Amino acid sequence: MPAKGKHRRPKQNPITRKLALAGTGGAALTLPLISATTAGAVGTSAPAAAVTTVTAATAVNVAAAPPTTYSVIVGDTLSEIAADHSVSGGWKQLYEANRAVVGDNPSVIRPGIKLTLGAQAKAATAAKSAAKTAAKPASSYSNNLDGWIRESLDVMAKHGIPGSYNGIHRNVMRESSGNPKAINLWDINARNGIPSKGLLQVIDPTFKAYHVPGTSLDSYDPVANITAACNYAAARYGSIDNVNGAY
């Protein structure tokens, strides 16, 4: 028994004292340890799960993304489009992927048709396409004789080449009946190895000499054929309107 009037300081059990510390200042040490364990579990598994989730989402987005497309404008060629948009396989692959809309002749592509470039086309193609569209006017010419003549007239106007719709149409119907793939294999030019081709039956030397920039280099291309023929007719006869027979 303690002496009367004196109070003995209760002696704490070591285990009790440690628990008391844990409940006060010791919490700053104890809780982080518990938290670190929890965080360790998260740190080991959560980041991996997050990466997997992002990767899966990315894969889904890529799979769901539609192939890149391009709307043809005046002066385009398959080789130029394939190069500008980094199409894998070049113009041949581009043609194979779009044969249904281009047709049998890969050298003839009409303004307004939409080509599938494929998902492999680079993102930079959007900027290139925008720049190219700004440099060349958008068009809505129909893919027939009427559209070809109207497009050619617009090109002719930019280059100061005279000619009228009726003058072109009259000569086209006489020369090829409106068939852009027409070829003469029996006249003197054919015997000389340079047959007349296309809507206005132009031989290759004449086509090359009077080719108008901005049109296809293929003499069978309707717009290029009409425009080169009208350029030649303007130089020789003053205008396609003055041509009423073979030229």
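In this text the structure is predicted, and so the values were computed from the model without any measurement. (Residues numbered from 1 in each chain as written. Predicted model: local features only at pLDDT ≥ 70, side-chain atom pairs only at ≥ 80, totals over all residues. Heavy atoms only, no water.)

## Regarding the overall build of the chain
Argument step 1. Secondary structure summary: the chain contains 11 helices and two strands in total.
Argument step 2. The order of helices and strands in the chain, counted from the N terminus, is α-α-β-α-α-α-β-α-α-α-α-α-α.
Argument step 3. Counting only residues that meet the buried cut, the chain has 32% of its 247 residues in that class.
Argument step 4. Surface summary for the chain: the accessible area is close to 14700 Å², and the carbon and sulfur share equals 60%. (Helix = DSSP H or I, 4+ residues; strand = E, 2+ residues; numbered from the N terminus. Buried < 20%, exposed > 50% of the residue type's maximum accessible area, 1.4 Å probe, protein only. Areas by Shrake-Rupley, 256 points an atom, 1.4 Å probe, with all protein chains shown as cover.)

## Quick word on the confidence of the model for the chain
Argument step 1. Averaged over all residues, the pLDDT of the chain is 76; the fraction at 70 or higher stands at 63%.
Argument step 2. Note on residues 14-64: pLDDT is under 50 here. Beyond four places in sequence and across chains, it has eight contacts. (pLDDT = per-residue confidence, 0-100. Contact = heavy atoms within 4.5 Å.)

## Some words on the packing of helix α7 (residues 145-158) against helix α8 (residues 165-175)
Argument step 1. The geometry of α7 relative to α8 is characterised by a closest axis approach of 10 Å and an angle of 130° between their N-to-C directions. With respect to their mutual orientation, α7 and α8 come out oblique. Viewed along their axes, α7 and α8 form a crossing whose handedness is right-handed. Every residue of α8 that contacts α7 at Leu145, Asp146, Ile149, Arg150, Leu153 and Met156 is listed here: Tyr165, Ile168, His169, Val172 and Met173.
Argument step 2. Grouping the constituent residues of the contact of α7 with α8 by class yields eight nonpolar, one polar and two charged. (Axes fitted to C-alpha atoms, helices over the stretch in contact; angles between N-to-C directions. Parallel < 35°, antiparallel > 145°, perpendicular 65-115°, else oblique. Left-handed = near helix turned anticlockwise from the far one by under 90°. Nonpolar A, V, L, I, M, F, W, Y, C, P; charged D, E, K, R; others polar.)

## Structural notes on unusual backbone geometry
Argument step 1. Although it is not a glycine, serine 86 adopts a positive phi angle of roughly 50°.
Argument step 2. Tracing the backbone shows serine 86 in the loop between α3 (78-84) and α4 (90-97).
Argument step 3. Serine 86 sits in the partly exposed class, given a relative accessible area of 27%.
Argument step 4. Even without being a glycine, glutamine 201 presents a positive backbone phi close to 50°.
Argument step 5. Tracing the sequence through the fold places glutamine 201 in the loop between α9 (188-191) and α10 (204-210).
Argument step 6. By relative accessible area, glutamine 201 is classed as buried at 12%.

## What about the nonpolar core?
Argument step 1. Grouped together as the largest cluster of nonpolar side chains are 22 residues, with contacts concentrated most on Ile168, Ile226 and Cys230.
Argument step 2. Elements represented by at least two residues in this core include exactly α7, α8 and α11 (222-237).
Argument step 3. Look past the residues within four positions of isoleucine 226 in its chain and what remains in contact with it is Trp148, Ile149, Ser152, Ile168, Leu199 and Leu200.
Argument step 4. By size, the runner-up hydrophobic cluster in this structure holds 14 residues, among which are Val87, Tyr95, Ile109 and Leu115. (Core = buried A, V, L, I, M, F, W, Y, C linked by side-chain atoms within 4.5 Å.)

## A word on α11
Argument step 1. Under the 1.5 Å per step criterion, the end-to-end length of α11 is 21 Å for 16 residues, consistent within 8% with the ideal 22 Å.
Argument step 2. Among all positions of α11, only Pro222, Val223, Ala224, Asn225, Ile226, Thr227, Ala228, Ala229, Cys230, Tyr232 and Ala233 are buried.
Argument step 3. Residues of α11 that are buried sit in contact with α7, α8 and α10.
Argument step 4. With a side-chain oxygen positioned 3.2 Å from the backbone nitrogen of valine 223, the residue opening α11 is aspartate 221.
Argument step 5. Trailing α11 by a residue or two, glycine 238 shows a phi angle of about 95°, which is positive. (Expected span 1.5 Å × (residues − 1). Polar contact = N/O pair within 3.5 Å; in protein donor to acceptor, adjacent residues only side chain to side chain.)

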